[in-house]
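What follows is each chain in one-letter form.
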Amino acid sequence: MSSYRNHAIAGIIFALPFIPSFFYLFIALIGASIPDMDHNTNNIKVYSMFIVGLVLSVLLFFVDGVSLSALIILVLAILFYFSKHRGFTHSLLGVIILSFLFMLMFMGFIPVLSRLSLYLGYSIPSNLMLFIILALMGYFVVSRRYLLPYLAVLALYLLVFPVDYSLIQWNVCFLMLFIGGFSHIILDLWTPKGIKVFKPFVNTTYHRSLAVIFVAIWIIASFFAMWHYGTFITLFHPIFTYA
């Protein structure tokens, strides 16, 4: 099995050709961390997801009504709990569904925090709001060994390069989550055990040959994206701001 560090690095590298801002790399890192939530070594994380989701669901129900994001946390915890390792979360269908759910969670917490700030009579700055949400998502899926560095870099980035949450491109967020998960699949295809990428439609276990095809697809898509939209190098200024 590839190490968490390898998956994190691969997620960032695979995302680079498609980012309009370095901010989205944090989301790609989360995407690369999601598939291994089905591993029994992450049971404590799954239990904590369920508890947090349950507590938030109850608290936010009395403050703001039913919270979609809190319910999604509960759904994710249940999915991870019942998933066998290298099963649903390591399939293309699973990565698509999980990316969509994590994007909805991200989107849903922004209006919740906005209304909560009105309730408390305190205006939560955009950067603090984004830090809270991404820190929570990171707490759920990022390796405990790298969680503090992740939080430190995230805090420093948002402090130095402010991000307006109202201008976040949610289609790019979904893409980053998917690419992170996609890179995870590619690395695991290189291991001797392989994975059933197209499950539940095809029950065949695939290995390196499919990984090579996926890398080729990524290279072609990367060149198309950079040719059509520019790159994080040629679009140097928009890397850091949304202005």
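Residues numbered from 1 in each chain as written. Predicted model: local features only at pLDDT ≥ 70, side-chain atom pairs only at ≥ 80, totals over all residues. Heavy atoms only, no water.

Next up on the list: the environment of Leu71. Along the polypeptide, Leu71 turns up in helix α4 (residues 68–82). The exposure class of Leu71 is partly exposed, given its relative accessible area of 38%. Along the sequence, Leu71 and Leu54 sit 17 residues apart, while their C-alpha atoms lie 7.8 Å from each other. (Helix = DSSP H or I, 4+ residues; strand = E, 2+ residues; numbered from the N terminus. Buried < 20%, exposed > 50% of the residue type's maximum accessible area, 1.4 Å probe, protein only.)

Across all of its chains, the model carries 14 aromatic pairs by this definition. Where Phe178 meets Phe182, the ring centres are 5.8 Å apart and the plane angle is 20°; that geometry is what we call stacked. Within this pair, Phe178 and its partner Phe182 are both found in helix α8 (residues 170–189), separated by four residues, close to a single helical turn. These aromatic residues form a ring-pair network of at least three members: Phe26, Tyr150, Tyr157 and Phe161. The aromatic ring of Tyr139 is capped on one face by Arg144, whose charged end is 4.4 Å from the ring centroid. (Phe/Tyr/Trp six-rings, centres within 6.5 Å; stacked < 30°, edge-to-face > 60°. Lys NZ or Arg CZ within 6 Å of the ring centre and 35° of its normal.)

Positionally, Ser209 belongs in helix α9 (residues 208–229). Using a relative accessible area of 55% as the deciding quantity, one classes Ser209 as exposed. Taking C-alpha positions, Ser209 is 8.6 Å from Trp190, a pair spaced 19 residues apart along the chain.

As a further point, take the side chain of Arg86. Mapped onto the secondary structure, Arg86 falls in the loop between α4 and α5 (92–120). Given a relative accessible area of 9%, Arg86 falls into the buried group. Side-chain polar atoms of Arg86 contact the backbone oxygen of Gly194, separated by 3.3 Å. (Polar contact = N/O pair within 3.5 Å; in protein donor to acceptor, adjacent residues only side chain to side chain.)

Turning our eyes to something else, we now look at the packing of helix α2 (residues 23–33) against helix α7 (residues 144–160). Here α2 crosses α7 at 160°, and the two axes come no closer than 10 Å. Judged by the angle between their axes, α2 and α7 are roughly antiparallel. With respect to the hand of their crossing, α2 and α7 are arranged in left-handed fashion. Counting all contacts with α2, which are made through Phe23, Phe26, Leu29 and Ile30, the residues of α7 involved are Tyr150, Val153, Leu154, Tyr157 and Leu158. (Axes fitted to C-alpha atoms, helices over the stretch in contact; angles between N-to-C directions. Parallel < 35°, antiparallel > 145°, perpendicular 65-115°, else oblique. Left-handed = near helix turned anticlockwise from the far one by under 90°. Contact = heavy atoms within 4.5 Å.)

This part takes up the pattern of salt bridges. Across all of its chains, the model carries one salt bridge by this definition. The partner of Arg86 in a salt bridge is Asp188, and the shortest N-O contact between them spans 3.6 Å. Of this pair, Arg86 sits in the loop between α4 and α5 while Asp188 sits in helix α8, and the two are 102 residues apart along the sequence. Like Arg86, the residue Asp188 is buried in the burial classification. (Salt bridge = Lys/Arg side-chain N within 4 Å of Asp/Glu carboxyl O.)

With that settled, the discussion passes to the packing of helix α1 (residues 4–15) against α8. A packed helix pair is summarised by two numbers, namely the angle formed by the two axes and the spacing between the axes. Where α1 meets α8, the closest approach of the two axes is 8 Å, and the angle between their N-to-C directions is 125°. By the angle class used here, α1 and α8 are oblique. The two elements α1 and α8 cross, and the hand of that crossing is right-handed. Between α1 and α8, the contacting residues are Asn6, His7, Ala10, Gly11, Phe14 and Ala15 on the first element and Met176, Ile179, Gly180, Ser183, His184, Ile186, Leu187 and Asp188 on the second. Of the residues that constitute the contact of α1 with α8, the class distribution is seven nonpolar, six polar and one charged. (Nonpolar A, V, L, I, M, F, W, Y, C, P; charged D, E, K, R; others polar.)

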